[in-house]
2 protein chains.
Amino acid sequence: MAEELDRRAQILDAAFEEFAAKGFKGATIKSIAGTARLQSPALIYWYFPDKEALFREVLSSRIPVVRAVADPTPLLDLPPEELLPRIGRAYFAFEQLDTRTLRLVVGEAVRRPEVAEMFVKSGPGKVLDFLKTYLEHQVELGRLRPHDVRSSARAFMGMLIPQLAGRLFLPTLTEDGLTDEEHLKTSVNVFLSGLRPDS
Amino acid sequence: MAEELDRRAQILDAAFEEFAAKGFKGATIKSIAGTARLQSPALIYWYFPDKEALFREVLSSRIPVVRAVADPTPLLDLPPEELLPRIGRAYFAFEQLDTRTLRLVVGEAVRRPEVAEMFVKSGPGKVLDFLKTYLEHQVELGRLRPHDVRSSARAFMGMLIPQLAGRLFLPTLTEDGLTDEEHLKTSVNVFLSGLRPDS
DNA sequence: TAGCCTCGATTGAACGTTCTGTCAAGAGAG
DNA sequence: CTCTCTTGACAGAACGTTCAATCGAGGCTA
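Chemist: What should I look at first to understand the protein's contact with DNA strand D in this one?
Modeler: As a matter of local geometry, DNA strand D sits amid 14 residues, with Arg-7, Ala-42 and Tyr-47 of chain A together with Tyr-45 and Lys-51 of chain B nearest to it. Backbone atoms, meaning sugar plus phosphate, form 70% of the atoms of DNA strand D positioned within 4 Å of the protein. Side-chain polar atom of Arg-7 of chain A to a phosphate oxygen of DNA strand D: 2.6 Å apart, as the coordinates give it. Between DNA strand D and Tyr-47 of chain A there is a distance of 2.5 Å, counted from a phosphate oxygen to a side-chain nitrogen or oxygen. Across the surface near DNA strand D, the residue classes tally to 8 nonpolar, 3 polar and 3 charged.

Structural data, given as structure tokens:
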């Protein structure tokens, strides 16, 4: 049709779909070629040396980099009441980290340490590191009581996970109808009440 | 060697190892037969109709049922300071739900809704339901301030997840050396301080 | 006791299919 | 004519699965 412009990108897109839907082993060169509407699967080997390399390229081209904390310095002085919901919403929104990407990454990460590390470093690790720095700073400012920020950073990130996992993979988990925004609000509230200086 | 006693169990064990390590597609009938030290892969078909059925049997025989909340009634009146750490430790201990099982289940659940549902119903769903009931009860007792327990139940479960995920799949996430027990203590502390009646 | 039969369990060989990856030939543009 | 891209056919291996043959233990008959 249209995009004979960039065959490479066309193949990468199709490979992403297939890998996300069926996993590395489940997706086949043939099915990828089919999705990419190629006349022959052989064409894939013109652009990529083998299936493994294609997979790696898909990963590195699709794993999103968390932009919410790209430049953390201006965020450090924001009050937690403002910053935490912001992080949380970026979390839930996942502008680019959609279901398919997460499916792809999580599905492979449980068995491939390199993928796991790539994933952590690209997103959760950064958010976690930022949160540790931020929370530490807030403690110094006296806005939060002293505590182990390694733990509270994990805790805040984690509080939102069941809701997110429910929406993405485990719908049974969120059958009680709680919305993202409601959950975020309550979570931030509990978290901050628990870390108030006077508590 | 020893266990020509129960071939069926022997095959199930091997299949569990293989499926957990390589996934449904990655594990082969031949590799399962090899792990089970069978002379021929054909023997598997004497005990199971096909690979899919073998996989289902492995799942239902290995997915653990959470026992910590098996009979919730006597737990309802325990004070949160006592019950939450208990839940948390059961969480971290995972007497039967070891890394391999979680690898197996999570790896497949992201792409197979039936597996996802089976997983949720067997464990996280039960814990979540229990927590909702328990927290509601504690609110009624006046030990916790009124709030949306759907959200706090998720939040408490979630707080522990990054630590657990770090230990199991994403070691990069827990490189800062925080121990399970430290994290549990801080998390419970923050959670309960945040939900104290007078806050 | 000896010979035969039965039956669940096991085996190696083979089936058809599907997989990744290769290759030589060709199309199209400059 | 040359170079980049595309093609269908194909090789070789691995896949899940089937099958006929075989094994050994136990029962039946003489």
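Chemist: Is there a simple way to think about the relation of the copies chain A and chain B in this case?
Modeler: Two chain copies here: they are related by a rotation about an axis and a translation along the same axis. It takes a turn of 180° to lay chain A on chain B, together with a shift of 0.0 Å along the axis; the resulting RMSD is 0.1 Å. What the superposition gives is, in effect, a two-fold axis relating one chain to the other. Residue Gly-194 of chain A, judged by its C-alpha, is the member of chain A lying nearest the rotation axis, at 1.8 Å. In this assembly the copies share their binding face: 100% of the residues contributing to the interface of chain A also contribute to that of chain B.

Chemist: How do you make sense of the packing of helix α9 (residues 149-168) of chain A against helix α9 (residues 149-168) of chain B when you look at a structure like this?
Modeler: Packing of α9 of chain A against α9 of chain B brings their axes to within 6 Å, and their N-to-C directions diverge by 120°. Here α9 of chain A lies oblique to α9 of chain B, going by the angle between them. Considering only the axes of α9 of chain A and α9 of chain B, their crossing is right-handed. Between α9 of chain A and α9 of chain B, the residues in contact are Arg-154, Ala-155, Gly-158, Met-159, Ile-161, Pro-162 and Gln-163 of chain A and Arg-154, Ala-155, Gly-158, Met-159, Ile-161, Pro-162 and Gln-163 of chain B, respectively.

Chemist: It is not clear to me how the protein's contact with DNA strand C should be interpreted in this structure. Could you clarify?
Modeler: The environment of DNA strand C is made up of 14 residues, and the closest members are Ile-29, Tyr-45 and Lys-51 of chain A together with Arg-7 and Tyr-47 of chain B. Counting only atoms of DNA strand C within 4 Å of the protein, the sugar-phosphate share comes to 72%. Between a phosphate oxygen of DNA strand C and a main-chain N or O atom of Lys-51 of chain A, the distance comes to 3.0 Å. Within the contact set of DNA strand C, a phosphate oxygen lies 2.6 Å away from a side-chain nitrogen or oxygen of Arg-7 of chain B.

Chemist: Please clarify how the interface of chain A and chain B should be interpreted in this entry.
Modeler: Often the size quoted for an interface is simply the accessible area lost on bringing the parts together. Listed per partner, the contact involves 52 residues of chain A and 52 residues of chain B. Overall, the association of chain A and chain B removes approximately 4200 Å² of surface from exposure, summing both partners, and the carbon and sulfur fraction of that is 64%. Contact with chain B buries area across many residues of chain A, yet Val-110, Arg-111 and Arg-154 of chain A alone supply 18% of it, more than any other trio. Taken together, chain A and chain B are joined by 8 salt bridges.

Chemist: I'm lost on the environment of Arg-150 of chain B in this one. Help?
Modeler: When you line up the elements, Arg-150 of chain B lands in helix α9. Since its relative accessible area comes to 23%, Arg-150 of chain B is described here as partly exposed. In the structure, Arg-150 of chain B is positioned 14 residues away from Glu-136 of chain B in sequence and 9.1 Å away in space, judged by C-alpha atoms. Contacts of Arg-150 of chain B, omitting those with residues within four sequence positions, involve Asp-176, Gly-177, Leu-178 and Glu-182 of chain A together with Lys-132 of chain B. Of note is the side chain of Arg-150 of chain B, whose polar atom sits 2.8 Å from the side chain of Asp-148 of chain B.

Chemist: Explain the nonpolar core to me, please; I cannot follow it from the model alone.
Modeler: Nonpolar side chains in soluble globular proteins tend to end up buried together. Within the largest apolar cluster, 134 residues are counted, with the highest numbers of intra-cluster contacts made by Phe-19 and Leu-54 of chain A together with Phe-19 and Leu-54 of chain B. Excluding residues that lie within four positions of it along the chain, Leu-54 of chain A makes contacts with Ile-11, Leu-12, Ala-15, Phe-19, Ile-32, Ile-44 and Phe-48 of chain A.

Chemist: Even after reading the chapter, I still don't get helix α10 (residues 180-194) of chain B, so can you show me in this structure?
Modeler: Residues and elements named next belong to chain B. Here α10 contains 15 residues, and its C-alpha end-to-end distance of 21 Å stays within 8% of the 21 Å for a straight helix at 1.5 Å per residue. In terms of residue burial, α10 counts as a mostly covered element, since 11 of its 15 residues are buried. Regarding α10, the residues found buried are Asp-180, His-183, Leu-184, Thr-186, Ser-187, Val-188, Val-190, Phe-191, Leu-192, Ser-193 and Gly-194.

Chemist: Whenever I open this one, the packing of aromatic side chains confuses me. Can you help?
Modeler: Two aromatic rings are characterised by how far apart their centres lie and by the angle between their planes. Residue and element names in this part refer to chain A. Counted under the stated rule, the structure contains 10 aromatic pairs over all chains. With a centroid separation of 5.2 Å and 50° between ring planes, the pair formed by Phe-156 and Phe-191 is classed as tilted. Of this pair, Phe-156 sits in helix α9 while Phe-191 sits in helix α10 (residues 180-194), and the two are 35 residues apart along the sequence. An aromatic cluster is built from Phe-19, Phe-24 and Phe-55, whose rings are joined through pairwise contacts. The lysine or arginine in question, Lys-51, covers the ring of Phe-24, its NZ or CZ lying 4.6 Å from the ring centre.

Chemist: Is there a simple way to explain the pattern of salt bridges in this structure?
Modeler: Pairing is possible between side chains of opposite charge, provided their charged atoms come close. Going through the model one piece at a time under the given rule, you end up with 36 salt bridges over all chains. Here Asp-98 of chain A ties to Arg-100 of chain A by a salt bridge, and the two come within 2.8 Å at their closest N and O atoms. For Asp-98 of chain A, a relative accessible area of 24% corresponds to the partly exposed category. Across the salt bridge formed by Arg-111 of chain B and Glu-108 of chain A, the nearest N and O atoms sit 3.5 Å from each other. Of this pair, Arg-111 of chain B sits in the loop between α6 (99-109) and α7 (113-122) while Glu-108 of chain A sits in helix α6 (residues 99-109), placing the two residues on different chains.

The rules we used
- Residues numbered from 1 in each chain as written.
- Chains lettered and ligands numbered in written order.
- Predicted model: local features only at pLDDT ≥ 70, side-chain atom pairs only at ≥ 80, totals over all residues.
- Heavy atoms only, no water.
- Near = heavy atom within 4 Å.
- Polar contact = N/O pair within 3.5 Å; in protein donor to acceptor, adjacent residues only side chain to side chain.
- Nonpolar A, V, L, I, M, F, W, Y, C, P; charged D, E, K, R; others polar.
- Least-squares fit on C-alpha atoms with pLDDT ≥ 70 in both.
- Contact = heavy atoms within 4.5 Å.
- Axes fitted to C-alpha atoms, helices over the stretch in contact; angles between N-to-C directions.
- Helix = DSSP H or I, 4+ residues; strand = E, 2+ residues; numbered from the N terminus.
- Parallel < 35°, antiparallel > 145°, perpendicular 65-115°, else oblique.
- Left-handed = near helix turned anticlockwise from the far one by under 90°.
- Buried area = accessible area lost by both parts, 1.4 Å probe.
- Salt bridge = Lys/Arg side-chain N within 4 Å of Asp/Glu carboxyl O.
- Buried < 20%, exposed > 50% of the residue type's maximum accessible area, 1.4 Å probe, protein only.
- Core = buried A, V, L, I, M, F, W, Y, C linked by side-chain atoms within 4.5 Å.
- Expected span 1.5 Å × (residues − 1).
- Phe/Tyr/Trp six-rings, centres within 6.5 Å; stacked < 30°, edge-to-face > 60°.
- Lys NZ or Arg CZ within 6 Å of the ring centre and 35° of its normal.

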